[in-house]
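# Breakdown of the fold
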Amino acid sequence: MNTIKEKTFIQLHGNKIGMFIEGKSLNAPVLLFLHGGPGMPQYGLTQKYPTFLEEHFIVCWYEQRGAGLSYDKTIDYEQLTIENIILDTIEVANYFRGRFQQDKIYLMGHSWGTFIGIKTIKQYPELFHAYVGVAQIVNQLKSEKLAYQYMLEQYKEQNHKQMVKKLERFNILESNTMPLDYVKFRDKPMHELGIGTTHKMKSVITGIFLPIMRNKNYTFSERVNIWRAKSKILNNTNLWEKMTETDLFVEIDSVDVPIYFLHGIFDYTVNYSLTKEYFDSLSAPVKRFYKFDKSAHSPIFEEPEMVIRIILEDVLN
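Scope of this entry: the structure provided in the associated data block. (Residues numbered from 1 in each chain as written. Predicted model: local features only at pLDDT ≥ 70, side-chain atom pairs only at ≥ 80, totals over all residues. Heavy atoms only, no water.)

### Some remarks on the overall build of the protein
- Tallying secondary structure elements over the protein gives 13 helices and eight strands in all.
- Taking 20 Å as the expected radius of gyration for a compact globule of 317 residues, we find that the protein reaches 19 Å, a close match to that expectation.
- Seen along its three principal axes, the alpha-carbon backbone of the protein occupies a region of about 60 × 45 × 35 Å.
- A burial count over the protein gives 58% of its 317 residues as buried.
- Long-range pairs, those at least 24 residues apart, make up 73% of the contacts in the protein between residues at least 6 apart in sequence.
- Carbon and sulfur atoms make up 48% of the accessible area of the protein, which amounts to about 13,700 Å² in all.
- Between the mean site of the 37 positive side-chain charges and the mean site of the 37 negative ones, the protein shows a separation of 7 Å. (Helix = DSSP H or I, 4+ residues; strand = E, 2+ residues; numbered from the N terminus. Rg over C-alpha atoms; globule rule 2.2 N^0.38 Å. Buried < 20%, exposed > 50% of the residue type's maximum accessible area, 1.4 Å probe, protein only. Contact = heavy atoms within 4.5 Å. Areas by Shrake-Rupley, 256 points an atom, 1.4 Å probe, with all protein chains shown as cover. Lys, Arg positive; Asp, Glu negative; His and termini not counted. Charge placed at Lys NZ, Arg CZ, Asp CG, Glu CD.)

Here it is, written out as structure tokens:
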């Protein structure tokens, strides 16, 4: 049998790291997928929103330390740092390089995963054929402020006084940090306006929560742990704070692997225009930017056929 579909666990620095591996051919190149969040694996959405990546890769849906399959109630959250997540990513990459006897693999990140992804290729370019950033994070503090301004304008135009009042209560435009209360609140208005996870998704419950809870590739306790872990990571680590205080315009101005950025024009979770500006300034041996006219934050789930066409025509070529 030349296909693979498995759920597996490996040990890294005393931590159990879980992942799903899927591919239609054991001879295909390996693609390591870095999920969003922090702490929000996306494999659980692939039954409702198929990506078809497994048709062309051996896809590793790796669930980062403390998240999803890798949740552990005894985890030391002081060790859950950006630097350690990057080191975990490298060890997972090396695991797959060895297991499938491939000198280099492909790396794809989504949202928070792009923040880890671009830092990873900057430090370890020799391990990767190419990097695909889906909704590439650049300066998340500025992105959040742009989203806030947009939402406030939209709700004022709609004369939605209740939502305007709720947004104005946060008044984040003068802030140098992004309060967690606001981060937890903003999901609802973002999805109502079509600028959240997908352009058509109006509810996190029906669009994300229920598809994950119905995914039988996880046990019931693993499904519950996805949400438990997400909350724990948001409330007990400084990952969100560290990400929002980073400006990649300043920190990373060049990389040594081909890069491909995929971005939906309706995306305000990670601002489209800001990412395009960063892409234009970034130096790389090969670089391409792809605009998705029907997508918000998740082109791989919203326009998967176009993503696959880009993969086949450009990334794998």
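### Observations regarding the nonpolar core
- Of all hydrophobic cores here, the largest spans 75 residues; its most connected members are Val-92 and Ile-118.
- Of all the elements, helix 1 (residues 82-99) adds the most residues to this core, at seven residues. (Core = buried A, V, L, I, M, F, W, Y, C linked by side-chain atoms within 4.5 Å.)

### So, the pattern of salt bridges
- Enumeration according to the criterion identifies 14 salt bridges in this entry.
- Across the pair Lys-7 and Glu-222 runs a salt bridge whose closest N-O atoms are separated by 2.8 Å. Taken together, the residues span a long stretch of sequence, with Lys-7 in strand 1 (residues 4-12) and Glu-222 in helix 8 (residues 220-236) at a distance of 215 residues.
- As a salt-bridge pair, Lys-188 and Glu-192 come within 2.5 Å of each other at their nearest N and O atoms. (Salt bridge = Lys/Arg side-chain N within 4 Å of Asp/Glu carboxyl O.)

### Overview of unusual backbone geometry
- Here the bond from Gly-37 into Pro-38 is cis, since omega is 5 degrees, no more than 30 degrees from zero.
- Within the secondary structure layout, Pro-38 lies in the loop between strand 3 (30-34) and strand 4 (58-63).
- Positive phi values are uncommon outside glycine, yet Phe-52 reaches one of about 65 degrees.
- Tracing the backbone through its elements, the reader meets Phe-52 in the loop between strand 3 and strand 4.
- Its identity is not glycine, yet Ser-111 carries a phi of approximately 55 degrees, on the positive side.
- In this structure, Ser-111 sits in the loop between strand 5 (105-110) and helix 2 (112-123).

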